Amino acid sequence: MITQKQWFDDDGITFHSEHKVQFSQSDSNKRMSLYELLKVSSDMAVEDYAQQGMDRDTLTEHGYAILVSRTAFRFHKMPKENENYVFTTYEEKAEPLQLVRAYEFTTPQGEPLITGISSWILVDPAAHRIIPTKKFDMRKPVESQKEHDCLKYGKIQIPEDIEKWDERIIKYSDIDGNNHVNNARYGAFVADSIPADFRTATFTDFRLNYAKEAKLGQKLEIFGKINESEKKLTIVGKTEEGVSFESELFYS
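Residues numbered from 1 in each chain as written. Predicted model: local features only at pLDDT ≥ 70, side-chain atom pairs only at ≥ 80, totals over all residues. Heavy atoms only, no water.

Engineer: For this particular structure, what's the right way to read the overall build of the protein?
Structural biologist: Within the protein, the secondary structure is distributed over three helices and twelve strands. Whereas a compact globule of 252 residues would reach a radius of gyration of roughly 18 Å, the protein reaches 18 Å, a difference of no more than 12%. In terms of overall dimensions, the protein has a C-alpha envelope of 45 × 45 × 35 Å along the principal axes. Burial analysis of the protein (252 residues in total) assigns 47% to the buried set. Put simply, 70% of the contacts in the protein that link residues at least 6 apart link residues at least 24 apart. (Helix = DSSP H or I, 4+ residues; strand = E, 2+ residues; numbered from the N terminus. Rg over C-alpha atoms; globule rule 2.2 N^0.38 Å. Buried < 20%, exposed > 50% of the residue type's maximum accessible area, 1.4 Å probe, protein only. Contact = heavy atoms within 4.5 Å.)

Dropping the structure here:
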């Protein structure tokens, strides 16, 4: 069994965790899959809070749920099967209605692999309404910000002439404890819909926005568009209730 080290910097904000890319976490190119990228990022964000005394149950008891809203990653060098890496995450200064979190994947020697930034919404799980971040009183607000080399999370423009690329029924294994599709599963949905000619492509950037959660039994139709001039794939998922997610993959 591999024991992974986890630790905080002296600032009490920056959380680190050691990992190894396992065979099951890799795609057919032996690179970390998009599903695993999102899974590690969200799981370690949850672990960061848990080690600060704010696990999911405790948050719920205080009337809070925290849900990822938008995320963006830059791929410097995608970690591959059997490679070790260090995952780092920390909060940054919050926006009025969104918490902000940054990510860094590096080699054990400190070489950059992936950088990312995301926004999370604070929700009252009983009333199902968004809570302003200034009312989140379970920890001291973070005021620091850094420059990031990844794209900024934000609105994704959906082309008018997108075409249907895939469809799937949401299954039980897609659902998490919030009773809707786990946020990491959308990485698999995106990967599964990538046209065959792009499955071995080198992607440089990935953005994903969560619009409306997909639920058990719903049909998710996935539409896409290739923009050769911008070297970009736009991939959008829709249920009968409307847009579920929007994403962009940029390639070199």
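Engineer: Looking at this model, I keep getting lost on helix H3 (residues 185–193). Mind explaining?
Structural biologist: Every α-helix winds through 3.6 residues per turn, so residues three or four apart in the chain are directed the same way. Most of H3 sits inside the fold, with seven of its nine residues counted as buried. Those residues of H3 that fall on the buried side of the exposure criterion are Arg185, Tyr186, Gly187, Ala188, Phe189, Val190 and Ser193. Contacts from the buried residues of H3 go to helix H1 (34–51), strand E8 (163–169), strand E9 (203–210), strand E10 (219–227), strand E11 (232–239) and strand E12 (242–251).

Engineer: Looking at this structure, I do not really get the packing of H1 against H3. What am I missing?
Structural biologist: The contact between H1 and H3 brings their axes to 7 Å, and the two run at 165°. With respect to H3, the element H1 is oriented roughly antiparallel. Remark: the crossing between H1 and H3 carries right-handed chirality. Contacts between H1 and H3 involve Leu34, Tyr35 and Leu38 on the former and, on the latter, Arg185, Tyr186, Gly187, Ala188, Val190 and Ala191. (Axes fitted to C-alpha atoms, helices over the stretch in contact; angles between N-to-C directions. Parallel < 35°, antiparallel > 145°, perpendicular 65-115°, else oblique. Left-handed = near helix turned anticlockwise from the far one by under 90°.)

Engineer: Got a minute to help me understand the pattern of salt bridges in this structure?
Structural biologist: Close approach of charged atoms lets side chains of opposite charge pair. Evaluation of the coordinates by the stated rule reveals 16 salt bridges. Among the ionic pairs, Glu221 bridges to Lys219, the shortest N-O distance being 4.0 Å. If you follow the salt bridges from partner to partner, you end up with Lys164, Glu167, Lys219 and Glu221 in one network. (Salt bridge = Lys/Arg side-chain N within 4 Å of Asp/Glu carboxyl O.)

Engineer: Whenever I open this one, the packing of aromatic side chains confuses me. Can you help?
Structural biologist: The geometry of an aromatic ring pair comes down to the distance between the two centres and the angle between the two planes. Evaluated as defined, the whole model comprises eleven aromatic pairs. Ring plane angle 45° and centroid distance 5.0 Å describe the contact between Phe8 and Phe15, whose orientation is recorded as tilted. Among the residues examined, Phe8 registers a relative accessible area of 25% and is labelled partly exposed. With a centroid separation of 6.2 Å and an interplanar angle of 40°, the aromatic rings of Tyr49 and Phe136 are classed as tilted. Here the residue Tyr49 occupies a position in helix H1, and Phe136 occupies one in the loop between strand E7 (129–130) and E8, the gap between them amounting to 87 residues. With respect to class, Tyr49 is no different from Phe136; both count as buried. Through a chain of ring-to-ring contacts, three or more aromatic side chains come together here, namely Phe73, Tyr85, Phe87, Tyr103 and Phe105. The ring of Trp7 is capped by Lys5, whose NZ or CZ atom sits 4.8 Å from the centre of that ring. (Phe/Tyr/Trp six-rings, centres within 6.5 Å; stacked < 30°, edge-to-face > 60°. Lys NZ or Arg CZ within 6 Å of the ring centre and 35° of its normal.)

Engineer: Please explain H1 as it appears in this structure.
Structural biologist: An ideal rise of 1.5 Å per residue puts 26 Å on 18 residues; H1 measures up with 26 Å between its terminal C-alpha atoms. After H1 finishes, the residue Gly53 shows a positive phi value of roughly 85°. (Expected span 1.5 Å × (residues − 1).)

Engineer: How do you make sense of unusual backbone geometry when you look at a structure like this?
Structural biologist: Peptide bonds are, in most cases, trans, and in most cases residues other than glycine have a negative phi. One non-glycine residue, Asn82, lies in positive phi territory at about 75°. Looking at the element boundaries, Asn82 is found in the loop between strand E3 (65–75) and strand E4 (84–95). Given the relative accessible area of 47%, Asn82 is considered partly exposed. Backbone geometry at Lys231 places phi at a positive 50°, although glycine is not the residue there. Along the polypeptide, Lys231 turns up in the loop between E10 and E11.

Engineer: Would you mind showing me how to read the environment of Met54 here?
Structural biologist: Tracing the backbone shows Met54 in the loop between H1 and helix H2 (56–61). Note on Met54: relative accessible area 2%, which makes it buried. With sequence-adjacent residues up to four places away left out, Met54 is seen in contact with Tyr49, Leu59, Phe136, Met138 and Arg139.

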